[in-house]
Amino acid sequence: PDRAVRTDQVDAELRRLREAVDSVVGDLRDLGQRVLKRAGPEESRIFDAQILMAQDEDFLASVETLIRNNKLSAETAYEFKALELRNQWSGAARLRERLADLHAIQLRMLNQLMGRSGPEPWSVPDEHVIIVAHELSPGLTVQLDREHVVGLVSEEGTRTAHAAILAHSLGIPAVMGAVGALAEIPSGTILLLDGQSGTIVLDPTRGELEEAKTQVSRRHRLELQLEAVVDAPAVTPSGRPIQLMGNVDLPEEIEPAVRMGAQGVGLLRTEFLLTGRATLPTENEQAEYFRRIASAFPGHPVIIRSFDLGGDKFPVAFKTSAEANPFLGWRSIRVCLDEPEVFRPQVRAILRAAADRDVQLMLPLVTLVEEVEQARAIVQEEADALWKDGVRAARSVPVGVMMETPAAVLIADHLAEVSDFFSVGTNDLTQYTMAVDRGNARLADRFTPLHPSIVRQLHQLVAIGRAANIPVSVCGEMASEALSAVLLLGLGYQCLSVSPPTLPLVKWVIRTVPEPAARQAAESALQARSAEEVSEALRSVVGEYIDVRLLDPQSALPGRRRVATLPPGTAAP
Ligand code: PEP
Ligand code: MG
């Protein structure tokens, strides 16, 4: 189509623009409905954010001005303005998530304006395929047909990208952040993709294929073994009980966590109440959600983490200015303490849910004693206010601190004086100790909680917790990995909180590896000089009781060509 239009066509272009917006918004609404049925309410809310973006009046007005002043066609003006916005946004890490949405809308608008019809901008052949893309939008991901699409590879994105969350919900293995994948993987290439380890093998040899098949059947056998422990208690071979809890990120995980025998929730991530939403969730909505979870785990604690916003997690509902170093910036507890209208309703919701259940509050990214004191004061104020107003709520709740920074570990004795419990967030503790961005695919090899600096901090925390007589648990991803779980048990941790699908595996490990062996592994780990040595120590001790090849999918692919290997959780298994 012509880029420029005549003066007498300008009005028609303005009309076309508005019609295209209406049509795109209609499509997005339909899609949201379909996703609601296929995946669930949280996933479908992603489209609310896209609709909001598509209807953004400031943006559309700027497109209209461009059409009027420069006599441009609607598509040309739209593309121009979208490009401008992309450039503005791509500088800020926290807007990256929204870039995918912007791109999705831009595609839809241009298709609409240029009369490229067809219900959706792509189709998938009728055979088993792995899709390799530069960037996967949530909209494209949810339309994937599980029958034909058996895997996803995306150059952009990490595990917190909406597309990765959706792929996980749909059960499609995915490797995100595989930089260079498009250039390295020509169409038609046979790929071996392992979503668990984040490994992609190009043109696998017959041997590699055989290995992979063996690995798959090993995993099946292991799954059968694991089914047997689902109903068994989490006790060590000598009979000591370990509290094995579940991490819940999305409402959909409540049911699997219960089914897999979680003894409560050790980490309830609440950010997903906000992801992709246009507004903050109300106090009532949160109270309702927290109560629902608490009643799913009668007799067990549910530990709710206050909003962990910031870093790469700033939802649309929360407009903030860009920062040069978001992970060292206005994040987590800092945001909550600065924004009473965000934090106080959440505290009230927690107190209300705690009226007749064991509901607790946990504060992320603490670095100062004062942060805990301030948060506790707010909890007390809100509890008093609820009491005065005659609202059914607990008079107080236990307040715990996440150990996610070396600063917190180094002053843990002081923090213990103002905390009811500690929970170690090994993902962030690794990021801040090793100075490695946890989402950076290039540094994935350096991102490991098995580094001696983390092992030593974990060791210290057990002793400090014991001296202060407060419980210390681990809720970072490390606890969900079988070998690391053995290390944690050996270091003296008695409570682990893990992702629901890994509950049976971790329980099986707890029940299988004798305590003296775990202690011996921990002692060797404390002497080690590198993560490799820690890993070796764990393997050699655990290997006497468990076929370690079962625990580490990567070991089954010797000589593989790696396109990308990502931290656990980056990929969706
Ligand atoms: C952690 O940092 O280890 C943690 C559990 O929190 P999140 O992964 O949500 O940052
Ligand atoms: Mg964290």
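Above this text sits the structure in question.
The sections below set out a description of the structure shown in this document. Numbering of residues starts from 1 in every chain and runs along the sequence as written. Chain A is the first chain written and ligand 1 is the first ligand written, with later ones labelled in order. Whole-chain, interface and lining totals are the exception, using all residues; otherwise, since this is a predicted model, local features are given only for residues with pLDDT of at least 70 and side-chain atom pairs are given and counted only at 80 or more. Side-chain numbers come from the whole structure's heavy atoms, not from hydrogens or water.

1. Examining the coordination of the magnesium ion (ligand 2)
Then step 1. Donor selection uses N, O and S atoms within 2.8 Å of the metal (3.2 Å for Na, K and Ca). Since no water is included, sites may look incomplete. The protein atoms that coordinate the magnesium ion (ligand 2) are E404 (OE) and D428 (OD), at distances spanning 2.0 Å. Taken together, the residues E404 in the loop between β10 (399–403) and α15 (406–410) and D428 in helix α17 (residues 426–434) connect sequence positions 24 residues apart. When sorted by exposure, E404 lands in the same class as D428, which is buried. Counting from the N terminus, the helices are DSSP H or I runs at least four residues long and the strands are E runs at least two residues long. Burial classification: accessible surface area is computed with a 1.4 Å probe over protein chains only, and a residue below 20% of its type maximum counts as buried, one above 50% as exposed, and the rest as partly exposed.

2. Section: the sheet that holds strand β2 (residues 149–154)
Then step 1. What the three strands build is an open sheet, ordered β1-β2-β3; its pairing is parallel. Both edges of this open sheet fall to β1 (129–133) and β3 (174–175), since each of them pairs with a single strand only.
Then step 2. At least two bridges found by DSSP between two strands are what make those strands a pair. Two elements, β2 and β3, share two bridges in a ladder whose sense is parallel. Counterpart to V153 in the pairing with β3 is V175.

3. Structural notes on the site of ligand 1
Then step 1. Looking at ligand 1, there are 14 residues lining it, with R269, E404, G425, N427 and R438 nearest.
Then step 2. By the criterion applied in these results, polar contacts are pairs of N or O atoms within 3.5 Å in which, for protein atoms, one can donate a hydrogen and the other can accept it, and in which residues neighboring in sequence qualify only through two side-chain atoms. In this structure, an oxygen atom belonging to ligand 1 sits 2.7 Å away from a side-chain N or O atom of E404.
Then step 3. Accessibility throughout is a Shrake-Rupley quantity obtained with a 1.4 Å probe, and a residue counts as covered only by protein chains that appear here. In the complex, 99% of the free accessible area of ligand 1, which totals 290 Å², lies under the protein chains.
Then step 4. Of the residues in the shell around ligand 1, the class split is three nonpolar, four polar and seven charged. One heavy atom suffices: a residue is near a molecule or strand as soon as one of its heavy atoms comes within 4 Å of it. When residue character is reported, Ala, Val, Leu, Ile, Met, Phe, Trp, Tyr, Cys and Pro are called nonpolar, Asp, Glu, Lys and Arg charged, and the others, Gly included, polar.

4. Focus: the environment of P301
Then step 1. Mapped onto the secondary structure, P301 falls in the loop between α11 (283–296) and β8 (302–305).
Then step 2. On the accessibility criterion, P301 (14% relative accessible area) is buried.
Then step 3. Separated by 56 residues in sequence, P301 and R357 place their C-alpha atoms 7.8 Å apart.
Then step 4. It only takes one pair of heavy atoms within 4.5 Å for two residues to be counted as in contact. When residues no more than four places from it in sequence are discounted, the contact partners of P301 are Q243, M245, Q263, G264, V265, D358 and Q360.

5. Describing the packing of aromatic side chains
Then step 1. Side-chain rings of Phe, Tyr and Trp, where Trp is taken by its six-membered ring, are said to pair if the distance between their centres is within 6.5 Å; with planes under 30 degrees apart they count as stacked, over 60 as edge-to-face, and otherwise as tilted. Enumeration according to the criterion identifies two aromatic pairs in this entry.
Then step 2. Seen from their ring centres, F59 and Y78 are 5.4 Å apart, and the 85° between their planes marks the pair as edge-to-face. Of this pair, F59 sits in helix α3 (residues 57–70) while Y78 sits in helix α4 (residues 74–90), placing them 19 residues apart in sequence.
Then step 3. Taking the relative accessible area as the measure of exposure, Y78 reaches 3% and is therefore buried.

6. Focus on helix α9 (residues 206–229)
Then step 1. A helix is expected to span 1.5 Å multiplied by its residue count minus one. Taking 1.5 Å of rise per residue, 24 residues should cover 34 Å, and α9 covers 35 Å from first to last C-alpha, within 8% of that figure.
Then step 2. Buried residues of α9: E208, A212, Q215, R218, L222, L226 and V229, and no others.
Then step 3. Elements in contact with the buried residues of α9: β4 (191–194), β5 (199–202) and α20 (503–512).

7. Quick look at the nonpolar core
Then step 1. What makes a nonpolar core is a set of buried Ala, Val, Leu, Ile, Met, Phe, Trp, Tyr and Cys residues whose side-chain atoms join them at distances within 4.5 Å. Ranked by size, the top nonpolar core spans 104 residues in total, and within it M403, F422, L487, Y493 and L496 carry the most contacts.
Then step 2. At eight residues, helix α19 (residues 482–491) tops the list of elements feeding residues into this core.
Then step 3. Excluding anything up to four places from it in sequence, Y493 contacts I242, V424, L458, L461, V462, V472, S473, V474 and L488.

8. Describing the packing of α19 against α20
To describe two helices that pack against each other, one gives the angle between their axes and the distance between the axes.
Then step 1. Lines fitted to C-alpha atoms define the axes, with helix axes restricted to the stretch in contact, and inter-axis angles between N-to-C directions lie between 0 and 180 degrees. At a closest axis distance of 10 Å, the pairing of α19 and α20 adopts a crossing angle of 45°. Between α19 and α20, the angle falls in the class oblique. Remark: the crossing between α19 and α20 carries right-handed chirality. In contact with A482, A485, V486 and L489 of α19, α20 contributes L505, V506, V509 and I510.
Then step 2. Residue composition of the contact of α19 with α20, grouped by class: eight nonpolar, no polar and no charged. Oblique is the label for any angle not covered by the other classes, which are roughly parallel (under 35 degrees), roughly antiparallel (over 145) and roughly perpendicular (65 to 115). Two helices cross in a left-handed way if the nearer one is turned anticlockwise from the farther one by less than a right angle. They cross in a right-handed way if the turn is clockwise.

9. Here we look at the pattern of salt bridges
Then step 1. When a carboxyl oxygen of Asp or Glu lies within 4 Å of a side-chain nitrogen of Lys or Arg, that pair is called a salt bridge. In this structure the tally under the stated criterion is 25 salt bridges.
Then step 2. Of the charged contacts, one joins E515 and R240 as a salt bridge, the two residues approaching to 2.9 Å between their closest N and O atoms. Here E515 is found in helix α21 (residues 515–527), whereas its partner R240 is found in the loop between α9 and β6 (243–248), with 275 residues between them in sequence.
Then step 3. With a relative accessible area of 13%, E515 lands in the buried category.
Then step 4. A relative accessible area of 25% means that R240 is categorised as partly exposed.
Then step 5. Where E283 meets R352, a salt bridge forms, and the shortest distance between an N and an O atom there is 2.7 Å. Taken together, the positions of E283 in helix α11 and R352 in helix α13 (residues 340–353) put the pair 69 residues apart, joining distant regions of the chain.

10. Focus: unusual backbone geometry
Residues other than glycine predominantly adopt negative phi, and peptide bonds predominantly adopt the trans conformation.
Then step 1. One non-glycine residue, D203, lies in positive phi territory at about 40°.
Then step 2. Along the chain, D203 turns up in the loop between β5 and α9.
Then step 3. Take D203: its relative accessible area is 47%, and that puts it in the partly exposed class.
Then step 4. At L365, a residue that is not glycine, the phi angle is positive and equals roughly 50°.
Then step 5. Take L365: it is sitting in the loop between β9 (359–363) and α14 (369–388).
Then step 6. The exposure class assigned to L365 is buried, which follows from its relative accessible area of 2%.

11. Comments concerning the packing of α3 against α4
Then step 1. Relative to each other, α3 and α4 sit at 130°, their axes nearing to 9 Å. The angle between α3 and α4 places the two elements in the oblique class. α4 is crossed by α3, and the crossing has right-handed handedness. Of the residues in α4, those in contact with F59, L60, S62, V63, L66 and I67 of α3 are A74, A77, Y78, F80, K81, A82 and L85.
Then step 2. Grouping the amino acids of the contact of α3 with α4 by side-chain chemistry returns eleven nonpolar, one polar and one charged.

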